[in-house]
Protein chains: 2
Amino acid sequence: MSNAPLPTGATIGILGGGQLGRMLALAAAELGFQTHIFTPEEDSPAARVAAQVTVAPFENAAAISAFARGVDILTFEFENIPVAALEAAIAAGARVAPSLQVLTTTQDRAPEKQMLNEAGAPTVRYSLIDSGADIGAAAAQIGFPSILKTRRLGYDGKGQAKVQSETELRAAFDRFNAPCVLEAMAPFEKEFSIVAARSANGEFAAFDASENEHRNHILHRTLAPASAPPRALAEAASATKRVMEALDYVGVGAIEFFLMPDGEVLANEMAPRVHNSGHWTQDACFTSQFEQHIRAICNWPLGSPDRFANAEMINLIGDDVADWKQWASLNGAKLHLYGKRQARPGRKMGHVVKLTPLRR
Amino acid sequence: MSNAPLPTGATIGILGGGQLGRMLALAAAELGFQTHIFTPEEDSPAARVAAQVTVAPFENAAAISAFARGVDILTFEFENIPVAALEAAIAAGARVAPSLQVLTTTQDRAPEKQMLNEAGAPTVRYSLIDSGADIGAAAAQIGFPSILKTRRLGYDGKGQAKVQSETELRAAFDRFNAPCVLEAMAPFEKEFSIVAARSANGEFAAFDASENEHRNHILHRTLAPASAPPRALAEAASATKRVMEALDYVGVGAIEFFLMPDGEVLANEMAPRVHNSGHWTQDACFTSQFEQHIRAICNWPLGSPDRFANAEMINLIGDDVADWKQWASLNGAKLHLYGKRQARPGRKMGHVVKLTPLRR
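Everything quoted here is computed from the prediction, not taken from an experiment.

1. Details of the overall build of chain A
Here comes step 1: Scanning chain A for helices and strands turns up eleven helices and 17 strands.
Here comes step 2: Scaling as 2.2 N^0.38, a compact globule of 360 residues should have a C-alpha radius of gyration of about 21 Å, and chain A matches this with 20 Å.
Here comes step 3: Each of the three principal axes of chain A carries a C-alpha extent, and together these read 55 × 55 × 40 Å.
Here comes step 4: Within chain A, the fraction of its 360 residues that count as buried is 52%.

This is the structure we're talking about:
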């Protein structure tokens, strides 16, 4: 990738039209860029704030090629876009960040965990189960209780099952009917994430760690900074840097970590994109994760990730959004709504960031 | 105007497609609104971040009517749109904020000054010159040196002339060939502005005063907070509130004030819209002037105007924008670029806000 910064006014292509694409487009606009959204969805949240929109399936290679030829840099807002779409874009000459290798690695828990361990971000013990023949060995190696996860397309708790015995494991594997990993249960004290950026010329910047609470497997609340031993937080930030360097990563990404009772940190998974646990940076940091991603992929100098307030981010899921009036009235809270038409259960409709300015 | 808040997801129509419309659209998007821009300009800065765009002259009443019927609230980003356009929108059923009366009053220096004085925001002495027959009386009343200004369509120093004698006054009036006001020279110490908001149910909130420095009659730099005697700043904020109440104002507006050597403040003029001198609020306040305008016109509760940093806003005019790389690298500075294609002399291309966080 060329090391020249992309000039303001250039066009940034984004695969995906959801709220992450929307907030990326808004951040890009603040720096004078225009965005072109590629999404299968009509009337998507991101499309409504973009200069151009292509509505087509990711499988439409001709549409992807035309899109790729019209943008100066191409990125994506979620990791489950088909690899073939990114390949078609690259074949049409697009500069892509993060890279195809990053996408393929993080789409599959097997190479993802291997990469994390090799790069110096140890994960929980795990064993691959490609077919029923692997179940006995995996059960013996990992033990119970443990968690069976499909290798691909899992998110927000989908494609996961806690299993207590080999019988339950076999039943869950038959139900998923797909290659899986069996993970040891980590008796972690809390979960936190490191959201960080790396630019094409190797500059790295991490935000303060985010402490995450889930409800029904969906992120409910993030506290920043995370409350954890400084050594654990520093180790997680270092591990994130090692991983990004190993991947020659360009853009913002997030790694979720478990804080273990002994103070050790274990990497859980990596999201090759801006991350829900980094939304608080919009209101509490000099540079938001969205602006930072735009800077990184355009090879601008990274912005300062310094935090000037403590933050509590609360997701508005489904009908939570009906409370927008109360949130809009709450002093010290910043409300963000995504403009989604329907508040379906489990759907992320917006978020709120409560701020407590730092005393310096 | 109904007192019910406009629900998130509604459509906000904006007359004008420049950087103020762009930043209003970005702020509206953060609250889940979508925007429809009406502008005579192809490929305008605001259009590139809006869900819908109508490109047509303001004089096209049919286009205005169609636009007006498709939006839930209609506002404007500059004060020199033809009154007939707003009248056509109202005739088509649009809710408009600020009101038609506000627009007509602030488009003409004569009713504007009369309104300011009557509402309790005294201006410099002035005299109207509608024809050559008025020159002698005006000269006798105001004296020299003084400033002749066209009553309408003046901005950034256009339509203004400093005059030293009745001969120069007559020459300037003949050159302008339009109704004018002759203003006494105010030997002011500095100029500052109050950017404030009022919502339909009468809630009022003012940002801290902005101290303004002009170059070639164009705003060059704003410091916030303004350095002036607290009593003068408090009087200006009170006067702004009186003016907004007198006008039953809805939205964000700005009044420019002169600080006189005796500590008195004199109102100069009012802008019925978000204002360049309020751009620093984007980065230094809990609520930006753009979000505040959206909240006010949608009859949401106003956001906190509290400032958590001292700010210095520098406009990037014309070729200044070529320095974007240096600004992007400066720690503690936030860069805003408008995506304008050509950096013509005098054209506002972007701005920078340098922040110094408050010690609390």
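2. Some words on unusual backbone geometry
Here comes step 1: The omega angle of the peptide bond from Ala97 of chain A to Pro98 of chain A is -5 degrees, so this bond is cis rather than trans.
Here comes step 2: Residue His217 of chain A is not a glycine yet carries a positive backbone phi of 70 degrees.
Here comes step 3: Among the structural elements, His217 of chain A can be located in the loop between strand S11 (210-215) and strand S12 (218-224).
Here comes step 4: A count of 13 C-beta atoms within 10 Å places His217 of chain A in the partly exposed class.
Here comes step 5: Even without glycine at this site, Asp43 of chain B takes up a positive phi of about 55 degrees.
Here comes step 6: Counting through the fold element by element, Asp43 of chain B comes out in the loop between strand S2 (34-39) and strand S3 (52-55).

3. Focus on the sheet that holds S2 of chain B
All names here are of chain B.
Here comes step 1: Judged by pairing direction, the sheet is parallel, and its four strands sit side by side in the order S3-S2-S1-S4 without closing on themselves. In the strand order of this sheet, the two ends are held by S3 and strand S4 (73-76), each with one partner. When strand polarity is set aside, the average angle formed by the axes of neighbouring strands in this sheet is 20 degrees.

4. Quick word on the packing of helix H3 (residues 83-91) of chain A against helix H4 (residues 100-107) of chain A
Residues and elements named next belong to chain A.
Here comes step 1: One way to put it is that H3 packs onto H4 with a least axis distance of 10 Å and a crossing angle of 175 degrees. When the interaxial angle is binned, H3 and H4 end up roughly antiparallel. Contact residues: Val83, Leu86, Glu87 and Ile90 in H3; Leu100, Leu103 and Thr104 in H4.

5. Side note on the relation of the copies chain A and chain B
Here comes step 1: Overlay of chain A on chain B (RMSD 0.0 Å): rotation 180 degrees, translation along the axis 0.0 Å. Here the copies are linked by what is in effect a two-fold axis. For chain A, the smallest separation between a C-alpha atom and the rotation axis is recorded for Val49 of chain A, amounting to 2.1 Å.

6. Digging into the nonpolar core
Here comes step 1: Judged by nonpolar contacts, the single largest core of 202 residues is most densely connected at Leu24, Ala25 and Ile294 of chain A together with Leu24, Ala25 and Ile294 of chain B.
Here comes step 2: When neighbours within four sequence positions are excluded, Ala25 of chain A is seen to be in contact with Ile14, Thr35, Ile37, Ala46, Val49 and Ala50 of chain A.

7. Considering helix H7 (residues 166-176) of chain A
Residue and element names in this part refer to chain A.
Here comes step 1: Those residues of H7 that sit buried are Leu169, Ala172 and Phe173. Projected onto a plane normal to the axis of H7, the buried residues spread over an arc of 100 degrees and lie on a single side. Of the residues in H7, the exposed ones pointing more than 90 degrees away from the buried face are Thr167, Asp174 and Arg175.
Here comes step 2: Those residues of H7 hidden inside the fold are in contact with strand S5 (126-129), helix H6 (135-142), strand S6 (146-150), strand S7 (160-163) and strand S8 (180-184).
Here comes step 3: Two residues or fewer past H7, Asn177 is found with a positive phi of approximately 55 degrees.

8. Overview of the sheet that holds S5 of chain A
Residues and elements named next belong to chain A.
Here comes step 1: In spatial order, the strands read S5-S8-S6-S7; together these four strands make up an open sheet with antiparallel pairing. Sheet topology places S5 and S7 at the edges, where each strand pairs with a single neighbour. Pairs of neighbouring strands in the sheet enclose a mean axial angle of 25 degrees, with direction left out of account.
Here comes step 2: One ladder, built from four bridges, connects S6 with S7; its direction is antiparallel. Within S7, the residue paired with Ser146 across the bridge is Val163.
Here comes step 3: Those strands touched by helix H5 (residues 109-119) are S5, S6 and S8, and its axis lies near 45 degrees from that of S8.

9. Quick look at the interface of chain A and chain B
Here comes step 1: Facing the 33 residues of chain A at the interface are 33 residues of chain B.
Here comes step 2: Counting only elements with at least two residues in the side of chain A that touches chain B, the list comes to helix H1 (19-30), helix H11 (324-329), strand S16 (333-337) and strand S17 (348-357) of chain A.
Here comes step 3: Looking at the side of chain A that touches chain B, the element that brings in the most residues is H11 of chain A, giving four residues.

10. Re the environment of Leu86 of chain A
Residue and element names in this part refer to chain A.
Here comes step 1: Mapping Leu86 onto the fold places it in helix H3.
Here comes step 2: Taking the number of C-beta atoms within 10 Å as the measure of exposure, Leu86 has 24 and is therefore buried.
Here comes step 3: For the pair Leu86 and Ala68, spaced 18 residues apart in the sequence, the C-alpha separation amounts to 9.3 Å.
Here comes step 4: Here Leu86 is in contact with Ile81, Val96, Leu100 and Leu103, once residues within four sequence places are set aside.

Parameters at a glance
- Residues numbered from 1 in each chain as written.
- Chains lettered and ligands numbered in written order.
- Predicted model: local features only at pLDDT ≥ 70, side-chain atom pairs only at ≥ 80, totals over all residues.
- Helix = DSSP H or I, 4+ residues; strand = E, 2+ residues; numbered from the N terminus.
- Rg over C-alpha atoms; globule rule 2.2 N^0.38 Å.
- Buried ≥ 20, exposed ≤ 12 C-beta atoms within 10 Å, placed from the backbone.
- Pairing = 2+ DSSP bridges.
- Axes fitted to C-alpha atoms, helices over the stretch in contact; angles between N-to-C directions.
- Parallel < 35°, antiparallel > 145°, perpendicular 65-115°, else oblique.
- Contact = placed C-beta atoms within 7 Å.
- Least-squares fit on C-alpha atoms with pLDDT ≥ 70 in both.
- Core = buried A, V, L, I, M, F, W, Y, C linked by C-beta atoms within 7 Å.
- Arc of directions from axis to C-beta.

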